[in-house]
Each structure stands twice: as C-alpha cells, then as structure tokens.
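# Descriptive structure summary
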Amino acid sequence: MKLVHSNQNNILVHNAKNLIEAQGIETALKNEFVQGGVGEISAIDSWPEVWVLNDADYERAIKIIATTNDNAVDWVCEQCAEPNDPSFEICWNCQHEKAVTEQ
Ligand SMILES: [Zn+2]
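The following refers to the structure shown. (Residues numbered from 1 in each chain as written. Predicted model: local features only at pLDDT ≥ 70, side-chain atom pairs only at ≥ 80, totals over all residues. Heavy atoms only, no water.)

A word on the nonpolar core. For soluble globular proteins, the rule of thumb is that nonpolar side chains tend to be buried together. Within the largest apolar cluster, 14 residues are counted, with the highest numbers of intra-cluster contacts made by Val4, Ile20 and Val52. Counting residues per element, the ones that place at least two in this core are α1 (10–22), β3 (49–52) and α2 (58–68). Here this core gets 5 residues from one element, more than from any other, and that element is α2. Contacts of Ile20, omitting those with residues within four sequence positions, involve Val4, Ile25, Thr27, Val50, Val52, Ala61, Ile64 and Ile65. (Core = buried A, V, L, I, M, F, W, Y, C linked by side-chain atoms within 4.5 Å. Buried < 20%, exposed > 50% of the residue type's maximum accessible area, 1.4 Å probe, protein only. Helix = DSSP H or I, 4+ residues; strand = E, 2+ residues; numbered from the N terminus. Contact = heavy atoms within 4.5 Å.)

In structure tokens, the structure reads:
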C-alpha cells in the first residue's frame, strides 16, 4: 500500500479516490472518520488519506490526481506526492515542475 493523496478537505479526498478508482485502480481510505478527533494526534495526522492497494499503481494514481486537479485546489507533486499550493510552479519539497494541464 502507498499513500497517494491527503487533504484536510474530505470531499477532495473522496474525489481523488473516485478518480483513481475510475481508472481501475483499487484504493483504500484511511482516517476517514477521525475528523474532529484532533487532540492526542496532530491535526495533519488526522487528515483523510487515499492509498493504493497495489504499489505498482502508485505512479498512475499520482498522475491521475495531478492531471485532474484544477488550479483552484492544491496540486500533488508527481515525484514526491507532496501537496502544493496552487500558486507554486514547482514543488516546494523536491523542486519538481508542476504538471501542465491542457485546457
Ligand atoms: Zn515534489
């Protein structure tokens, strides 16, 4: 299993999951029901997460998310899977270029 997407917005996480599964990739959700349970764990640890069950699907899943996010939401780096602010043109973490989405 590999983590492909995490966001504090549960709707965006579900959207990412649906997009990945639409391509025939099996996924699992983690932390779906811990919203509001912040206290003993840090806030970011409680964000819902989308995982792929098969590691071999990881790169495809990342690309699906990277190419379907519109510019109004965070984009996920293809290379390191870190979420980036929409205004960033390169990944803050690894300096990988933002994937260009054809309109
Ligand atoms: Zn990166």
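Having seen the model, we can carry on.
Strand order in the open sheet formed by 3 strands is β1-β3-β2, with antiparallel pairing between adjacent strands. The open sheet has two edge strands, β1 (2–6) and β2 (27–30), and neither has a second partner. Neighbour-to-neighbour, the strand axes of this sheet turn through a mean angle of 30 degrees, independent of strand direction. Pairing between β2 and β3: 4 bridges, direction antiparallel. (Pairing = 2+ DSSP bridges. Axes fitted to C-alpha atoms, helices over the stretch in contact; angles between N-to-C directions.)

Each pair of donors in an ideal four-coordinate tetrahedral metal site encloses 109.5 degrees, whereas pairs in an ideal six-coordinate octahedral site enclose 90 or 180 degrees. For the zinc ion, the full set of protein donor atoms is Cys77 (SG), Cys80 (SG), Cys91 (SG) and Cys94 (SG), and the range of their distances to it is 2.3 Å. Each donor residue of the zinc ion lies on the same chain, and together they follow the pattern C-x2-C-x10-C-x2-C. Given the relative accessible area of 0%, Cys77 is considered buried. Cys80 gets classed as partly exposed once you look at its relative accessible area, which sits at 23%. (Donors = N, O, S within 2.8 Å, 3.2 Å for Na, K, Ca; no water.)

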